[in-house]
Amino acid sequence: MEPVDLLIRNAAEVVTCRGAPDGVRGPALSRLEVIADGAVAVRAGRIVAVGESARLLARVQAKETIDATGRLVSPGLVDPHTHLVHAGSRHEEWEARVLGRPPGLAGGIRWTVEQTGEAGDAALTRKAIADLDTMLAHGTTTVEAKSGYGLEPERELRLLRLIRGLRHPVEVVVTYLAAHVLPTKYAADRAAYVARAIETVPEAATLAEYCDVFCDPAGFTAGECRAILEAALRSGMRLRLHADQTGRAGGIQLATELGASSADHLEHAREEDVVELASSRTVGVLLPGVTHHMLEMVPGLSTGRLTNPPYPYMPLLARQLVDAGARLALATDYNPGTSPTLSMQAVMQLAARLYRLSYAEIWHMATINAAASLDRGQDRGSLEPGKRADLMIWKVPHHGMVINRFGTNLVDTVIKDGVRTTGPGQ
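Quick caveat: nothing in here was measured; it's all calculated off a predicted structure.

## Side note on the pattern of salt bridges
Part 1 of the reasoning: What the rule picks out here adds up to 36 salt bridges.
Part 2 of the reasoning: Arg226 is paired through a salt bridge with Glu230; the nearest N and O atoms lie 3.6 Å apart. Of this pair, Arg226 and Glu230 both sit in helix H7 (residues 222-234), 4 residues apart, which is roughly one turn of the helix.
Part 3 of the reasoning: The exposure class of Glu230 is partly exposed, given its relative accessible area of 31%.
Part 4 of the reasoning: What emerges from the salt-bridge pattern is a single network uniting Arg46, Glu171, Glu209, Arg238, Arg281, Asp375, Arg376, Asp379, Arg380, Arg388 and Asp417.

Structure (structure tokens):
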């Protein structure tokens, strides 16, 4: 008998989300491996075996056993796009949007920048830790966290240091959002601001793994973003992009040309962008929480006018991306303005309702493909021997029920690196 630290057995289903380390695409996206009466064996924080309970019970001897009868077991969820560290709420701005009224003073990215700048390091850290607690309780075991609410280089570096200093069971992947929006004082000299961002890249590279930019009509041009991203590449950073959210600015093309790990948002992708993304290694990250919160699922509501919407029809775009063979992931885009949700569960549920994606597609996008967008698909995102033992036990017996239901946290137990971090007795 092979000794193991932990055996989870008798699961109604084990969903492995097994796929290539660089993600699942094409027809494979709709083929989800499900093991009935399944089991997972763990040793030293790594998965050593996955299969039917009877086979594993005959093979291993466990120090600890969890009986998962009547419950689902899956990989931990991976959230590859968040703005974790910030202060302040923008609920007043959102109500004004709902009612078609002007947003008032407590609104916009610059307002969040002001609130974040006024908050102390301890307060920002406490809030971030509390948010990570909530993410973990809802099944997220790896999360990407960006700066971006400093704008000034020294303030951005402050946020990177705070993110890097977080200590929590959820693994936090750090990203330097070098160009988010243009500070008002640089309105007449954009080149000076871009130059300052580039000057900050070498120091940011000591704190962050990725560099991100907002390549969008509401942010920065493709040329401005290229200059920053090429500096990041020279400093050894990997790349991510906010691409073409409010309009087409060449962000998707720039991401694929520079070999970015991800291009996120994509709302204004055109047919040629879809083809470009599908033929690249770049993962397209969809953000249904933004579609939902910004009222972009109903024509005209995001602007308070019942007219044609200023955005594409996302169910059609999502299906075009899937059918073209693009690698796609899901993320919360947790932030106070456009997507104030901490729950990847909620995102999975919204992806079905708003984008018309199947259960199998959604599970792959929230696990192995999300991990691939963070260049970690070889290490997590699926239940396979050798990978980190990041997994969950759910309160439901079928993987479809996680997405079919909504409004309730369905997680029973979260196990991170083989250690039970939430659940009974924790």
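Following the structure, the description resumes.
## Quick look at the pairing of strand E8 (residues 171-179)
Part 1 of the reasoning: When you tally the buried positions in E8, you get 8 out of 9 residues, the bulk of the element.
Part 2 of the reasoning: Summarising the sheet, strand E7 (residues 140-146) and E8 pair through 5 bridges and their orientation is parallel. Residue pairing across strands places Val143 opposite Val172, the latter belonging to E8.
Part 3 of the reasoning: Relative to strand E9 (residues 210-215), E8 runs parallel, the two sharing 4 bridges. In the strand pairing of E9, Ala179 is matched with Val213.
Part 4 of the reasoning: In this fold, E8 hands off to helix H6 (residues 190-204), which returns the chain to E9; that crossover is right-handed.

## Here we look at the confidence of the model for the protein chain
Part 1 of the reasoning: A residue-level look at the protein chain finds 95% of positions with pLDDT of 70 or above and a mean pLDDT of 93.
Part 2 of the reasoning: Residue range residues 299-311 is modelled with pLDDT below 50. Its contacts to residues more than four positions away, or to other chains, number 27 contacts.

## Points about the packing of H6 against H7
Part 1 of the reasoning: Where H6 contacts H7, the two axes come as close as 9 Å, and the packing angle between them is 15°. With respect to H7, the element H6 is oriented roughly parallel. Between H6 and H7 lies a crossing of right-handed hand. Facing H6, whose interface residues are Arg190, Val194, Ala197, Ile198 and Val201, H7 presents Glu224, Ala227, Ile228, Ala231 and Ala232.
Part 2 of the reasoning: Among the residues making up the contact of H6 with H7, the classes are represented as 8 nonpolar, no polar and 2 charged.

## Considering the pairing of E9
Part 1 of the reasoning: Within E9, 6 of the 6 residues are buried, leaving the element largely enclosed by the surrounding structure.
Part 2 of the reasoning: Both faces of E9 are covered, namely the face carrying Tyr210, Asp212 and Phe214 and the face carrying Cys211, Val213 and Cys215.
Part 3 of the reasoning: Bridge analysis of E9 against strand E10 (residues 238-243) gives 6 bridges, and the strand direction is parallel. When the bridges of E10 are listed, Cys215 appears paired with Ala243.
Part 4 of the reasoning: Once you follow E9 into H7 and on to E10, the crossover reads as right-handed.

## Section: helix H13 (residues 359-366)
Part 1 of the reasoning: Among the 8 residues that make up H13, 7 are buried, leaving the element largely enclosed by the rest of the structure.
Part 2 of the reasoning: Residues of H13 that are buried include every one of Ala360, Glu361, Ile362, Trp363, His364, Met365 and Ala366, and no others.

## Re the packing of aromatic side chains
What characterises a pair of aromatic rings is the spacing of the ring centres plus the angle enclosed by the ring planes.
Part 1 of the reasoning: For the structure on display, the rule yields 3 aromatic pairs.
Part 2 of the reasoning: Between the aromatic rings of Tyr193 and Phe220, the centroid separation amounts to 6.0 Å while the plane-to-plane angle is 15°, which identifies the pairing as stacked. Taken together, the residues span a long stretch of sequence, with Tyr193 in helix H6 and Phe220 in the loop between E9 and H7 at a distance of 27 residues. In terms of burial, Tyr193 and Phe220 fall into one category: buried.
Part 3 of the reasoning: Among the aromatic residues, those joined into a cluster by ring pairs are Tyr186, Tyr193 and Phe220.
Part 4 of the reasoning: The ring centre of Tyr210 lies 4.7 Å from the NZ or CZ of Arg240, which sits over that ring.

## Looking at the packing of helix H12 (residues 344-355) against H13
If you want to describe how two helices pack, look at the angle between their axes and the distance between the axes.
Part 1 of the reasoning: Two numbers describe how H12 lies on H13: the axes approach to 10 Å, and their chain directions differ by 145°. Relative to H13, the crossing made by H12 is right-handed. Together, Met344, Met348, Ala351 and Ala352 of H12 and Ile362, Trp363 and Ala366 of H13 make up the contact between the two elements.
Part 2 of the reasoning: Per-class residue counts for the contact of H12 with H13 are 7 nonpolar, no polar and no charged.

## A look at unusual backbone geometry
For residues that are not glycine, phi is negative in most cases, and the peptide bond is trans in most cases.
Part 1 of the reasoning: Phi at Leu266 is positive, roughly 70°, even though this residue is not glycine.
Part 2 of the reasoning: Locating Leu266 in the fold gives a position in the loop between strand E11 (262-265) and helix H9 (271-278).
Part 3 of the reasoning: Note on Leu266: relative accessible area 0%, which makes it buried.
Part 4 of the reasoning: Phi angles above zero are rare outside glycine, and Leu295 is one such case at about 60°.
Part 5 of the reasoning: By the secondary structure assignment, Leu295 is in the loop between helix H10 (288-293) and helix H11 (314-324).

## Points about the side chain of Thr341
Part 1 of the reasoning: Here Thr341 is to be found in the loop between strand E13 (328-330) and H12.
Part 2 of the reasoning: In this structure the side chain of Thr341 is engaged in a polar contact, spanning 3.2 Å, whose partner is the backbone nitrogen of Ser343.
Part 3 of the reasoning: Setting aside residues up to four positions removed in sequence, Thr341 forms contacts with Thr332, Tyr334 and Ala346.

## Describing the environment of Pro75
Part 1 of the reasoning: Note on placement: Pro75 falls in strand E5 (residues 72-75).
Part 2 of the reasoning: With relative accessibility at 1%, the residue Pro75 sits in the buried group.
Part 3 of the reasoning: Note: C-alpha distance between Pro75 and Ile393 (318 residues apart in sequence) is 8.9 Å.
Part 4 of the reasoning: Ignoring any residue separated from it by four or fewer positions in sequence, one finds Pro75 in contact with Val15, Thr16, Cys17, Thr367, Gly381, Ser382, Leu383, Asp390, Leu391 and Met392.

Cut-offs and rules
- Residues numbered from 1 in each chain as written.
- Predicted model: local features only at pLDDT ≥ 70, side-chain atom pairs only at ≥ 80, totals over all residues.
- Heavy atoms only, no water.
- Salt bridge = Lys/Arg side-chain N within 4 Å of Asp/Glu carboxyl O.
- Helix = DSSP H or I, 4+ residues; strand = E, 2+ residues; numbered from the N terminus.
- Buried < 20%, exposed > 50% of the residue type's maximum accessible area, 1.4 Å probe, protein only.
- Pairing = 2+ DSSP bridges.
- Right-handed = clockwise from strand over helix to strand, strands pointing away.
- pLDDT = per-residue confidence, 0-100.
- Contact = heavy atoms within 4.5 Å.
- Axes fitted to C-alpha atoms, helices over the stretch in contact; angles between N-to-C directions.
- Parallel < 35°, antiparallel > 145°, perpendicular 65-115°, else oblique.
- Left-handed = near helix turned anticlockwise from the far one by under 90°.
- Nonpolar A, V, L, I, M, F, W, Y, C, P; charged D, E, K, R; others polar.
- Phe/Tyr/Trp six-rings, centres within 6.5 Å; stacked < 30°, edge-to-face > 60°.
- Lys NZ or Arg CZ within 6 Å of the ring centre and 35° of its normal.
- Polar contact = N/O pair within 3.5 Å; in protein donor to acceptor, adjacent residues only side chain to side chain.

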